[in-house]
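An overview of the molecular structure
Next come the chains, spelled out residue by residue.
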Amino acid sequence: MSKLTYISLFSSAGVGCYGFKMERFECVATNELLPKRLEVQKCNNKCKYYSGYILGDILLEQTTNSILEQLELWKQQEELTDLTVLIATPPCQGMSVANHKKKDENKRNSLVVASLSLIQKILPKYFVLENVRAFLNTICTDVDGTNKKIKNAIIDNLAQYYNIKFDVLNFKNYGANSSRTRTLVVGVRNDVGVAPESLFPVYREEPTLRQIIGDLPSLTEMGEICPDDIYHSFRSYSPEMRRWIENLREGQSAFDNTDASRLPHYYKNGEIIYTKNGNADKYTRQYWDKVPPCIHTRNDILASQNTVHPVDDRVFSIRELMRMMSIPTSFKWSKYSLEELNAMSLNQKQKYLSQNDINIRQSIGEAVPTEIFRQIAESIRKEEIK
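Keep in mind the model is a prediction, meaning the values are calculated, not measured.

A tally of helices and strands in the protein chain yields eleven helices and 13 strands. The globule rule puts the C-alpha radius of gyration for 386 residues at 21 Å, and the 22 Å found for the protein chain is close to it. Across its three principal directions, the C-alpha atoms of the protein chain cover 65 × 50 × 40 Å. The contacts of the protein chain with a sequence gap of at least 6 include a subset with a gap of at least 24, amounting to 65%. Taken as a whole, the protein chain presents about 17,500 Å² of accessible surface, with 47% of it coming from carbon and sulfur. Distance between charge centres in the protein chain, computed from 50 positive and 47 negative side chains, equals 2 Å.

Evaluated as defined, the whole model comprises 13 aromatic pairs. Ring pairs connect the aromatic residues Tyr6, Phe20, Phe25 and Phe373, which therefore count as one cluster. Positioned above the aromatic ring of phenylalanine 166, the side-chain terminus of lysine 151 is 4.9 Å from the ring centre. One residue, lysine 290, lies across the ring of tyrosine 287, its end atom 4.0 Å from the ring centre.

This part covers a nonpolar patch on the surface. Taken together, Tyr267, Ile272 and Tyr274 make up a surface patch of nonpolar side chains, about 300 Å² in accessible area. Tracing the chain through its elements places tyrosine 274 in strand β13 (residues 271-274). The class of tyrosine 274 is partly exposed, set by a relative accessible area of 40%.

Next up on the list: the nonpolar core. The tendency in soluble globular proteins is for nonpolar side chains to be buried side by side. By size, the foremost hydrophobic cluster in this structure holds 35 residues, and its most contacted members are Ile7, Leu9 and Ile154. Of all the elements in the fold, those that place two or more residues in this core are β1 (5-9), β2 (26-32), α3 (61-77), β4 (85-88), α4 (110-122), β5 (126-132), α5 (150-158) and β8 (162-170). Looking at this core element by element, the count peaks at eight residues for α4. The residues touching isoleucine 154, leaving out its near neighbours within four places in the chain, are Leu116, Leu129, Phe135, Leu136, Ala159, Ile164 and Phe166. The next biggest cluster of nonpolar side chains, apart from the first, holds 30 residues, and it includes Phe20, Tyr174, Val194 and Ile376.

Turning next to the side chain of asparagine 157. Among the secondary structure elements, asparagine 157 is positioned in helix α5. If we ignore the near neighbours within four places in the chain, the residues touching asparagine 157 are Leu116, Gln120, Asp142 and Val143.

Here we take up empty space enclosed by the protein. To find leftover empty space, a probe the size of one water molecule is rolled over the atoms. In total, this model carries two cavities of 30 Å³ or more according to the counting rule given. In this structure, the largest cavity spans a volume of roughly 40 Å³. As for the largest cavity, its lining consists of Tyr6, Ala13, Gly14, Cys17, Tyr18, Lys21, Gln41, Asn44, Lys46 and Phe331. Residues belonging to the lining of the largest cavity are distributed by class as follows: five nonpolar, three polar and two charged. Taken as a whole, the second largest cavity spans an internal volume of roughly 40 Å³. Taken together, Cys294, Ile295, His296, Asn299, Gln305, Asn306, Thr307, Phe316 and Leu321 make up the lining of the second largest cavity.

To characterise two packed helices, one gives the angle between the axes of the helices and the distance between these axes. Here α4 crosses α5 at 20°, and the two axes come no closer than 10 Å. On the basis of their axis angle, the class for α4 and α5 is roughly parallel. Along this stretch, α4 crosses α5, giving a crossing that reads as right-handed. Only Ile150, Ala153, Ile154, Asn157 and Leu158 of α5 make contact with α4, whose side of the interface consists of Val112, Leu116, Ile119 and Gln120. Grouping the amino acids of the contact of α4 with α5 by side-chain chemistry returns seven nonpolar, two polar and no charged.

Here the second largest pocket is characterised by a volume of approximately 340 Å³. Lining the second largest pocket are 17 residues, with Leu59, Ser110, Val113, Ala114 and Ser117 sitting closest to its centre. Only α3 and α4 provide two or more residues apiece to the lining of the second largest pocket. Broken down by element, the lining of the second largest pocket gets its largest block of residues, six residues, from α4. Counted by class, the lining of the second largest pocket contains eight nonpolar, four polar and five charged residues.

Here aspartate 281 lies in the loop between β13 and α8 (318-324). No salt bridge is formed by the buried aspartate 281, whose closest oppositely charged neighbour, lysine 282, lies at an N-O distance of 7.0 Å.

What counts and what doesn't
- Residues numbered from 1 in each chain as written.
- Predicted model: local features only at pLDDT ≥ 70, side-chain atom pairs only at ≥ 80, totals over all residues.
- Heavy atoms only, no water.
- Helix = DSSP H or I, 4+ residues; strand = E, 2+ residues; numbered from the N terminus.
- Rg over C-alpha atoms; globule rule 2.2 N^0.38 Å.
- Contact = heavy atoms within 4.5 Å.
- Areas by Shrake-Rupley, 256 points an atom, 1.4 Å probe, with all protein chains shown as cover.
- Lys, Arg positive; Asp, Glu negative; His and termini not counted.
- Charge placed at Lys NZ, Arg CZ, Asp CG, Glu CD.
- Phe/Tyr/Trp six-rings, centres within 6.5 Å; stacked < 30°, edge-to-face > 60°.
- Lys NZ or Arg CZ within 6 Å of the ring centre and 35° of its normal.
- Patch = residues over 30% accessible without salt bridge, like charges linked within 9 Å, V, L, I, M, F, W, Y side chains within 5 Å.
- Salt bridge = Lys/Arg side-chain N within 4 Å of Asp/Glu carboxyl O.
- Buried < 20%, exposed > 50% of the residue type's maximum accessible area, 1.4 Å probe, protein only.
- Core = buried A, V, L, I, M, F, W, Y, C linked by side-chain atoms within 4.5 Å.
- 1 Å grid on protein atoms, 1.4 Å probe; cavity = no way out; pocket = protein on both sides within 12 Å on 5 of 7 lines; lining within 4 Å.
- Points joined across faces, edges and corners; volume = space filled by probe spheres on them.
- Nonpolar A, V, L, I, M, F, W, Y, C, P; charged D, E, K, R; others polar.
- Axes fitted to C-alpha atoms, helices over the stretch in contact; angles between N-to-C directions.
- Parallel < 35°, antiparallel > 145°, perpendicular 65-115°, else oblique.
- Left-handed = near helix turned anticlockwise from the far one by under 90°.

The following block contains the structure:
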């Protein structure tokens, strides 16, 4: 069997592709735009060669050249013949051209097209694309300059080389541990002889929030950090806001309060201004016995979507979010092990969380659940060792 290898594009902190590492795939190159996200990947020893951590915009020739150079390095140093998998989770802009204009770039969803071009250039044995529900029907400007649906661009660029399976799944039924409806595209090179549908994650009954996080200790004091787990802590907020949520039952929002003093508000020129209920899932206490909610990037605030714990007066802790996104405890967010972090003094722990909390939470909110990619990696590995 040849080496199991992969390249990951738009890899963020590497939460999703950690599933490939769990299945003993080796990372040839990983590309990310934000340095702090790439640093997390380094803490998890993702790449064998340090040059495999590639920081930069994939639209720049320098970045794509660095990725291709890493592949050549592996062919020479590791006697690699074929890249096993290329993974891409490109940010996908909406239908409007104007929404995507920045700097000199005005082509629609050029990051998606750049991903397809790189797949076509490398021709890995398999490729995996993951994105939002509307991904396939969103318009892009293809390499030939024509505007078309992304699904058609994938077919036009890759169908001659690959057998491709498209599907939209709610990952809650495939091991993600929370509701997350996404588009999944899997391609298998024609000469490999594997049906792409056989590589998709396996359906399973969705778990409840209680099943996922119910064993974790309650946190009742702002700033409280679980002695056995630094990532299970009570993220502080303005004490006044606690009155807004403290009496809520499961499924209730702070906007359901009948006492005006408990309604979300702010002050302007000394006058109280009540916040409009523009989004029904804000300040809303979650249900123990329902599927965990979709995790968003602003999971750090009460005013975001579905962030309030079913019992405690707080947003979900990092550990709870990790479980809801099927991220294993072995995943590292810094150079320190969990044991080293837990051994720190309270002041050191508070400083660490202050410096890293937002980056961790945002990385979780934008990630592919680890278990989804781990299952795909496992299926590919089984095919490769036949």
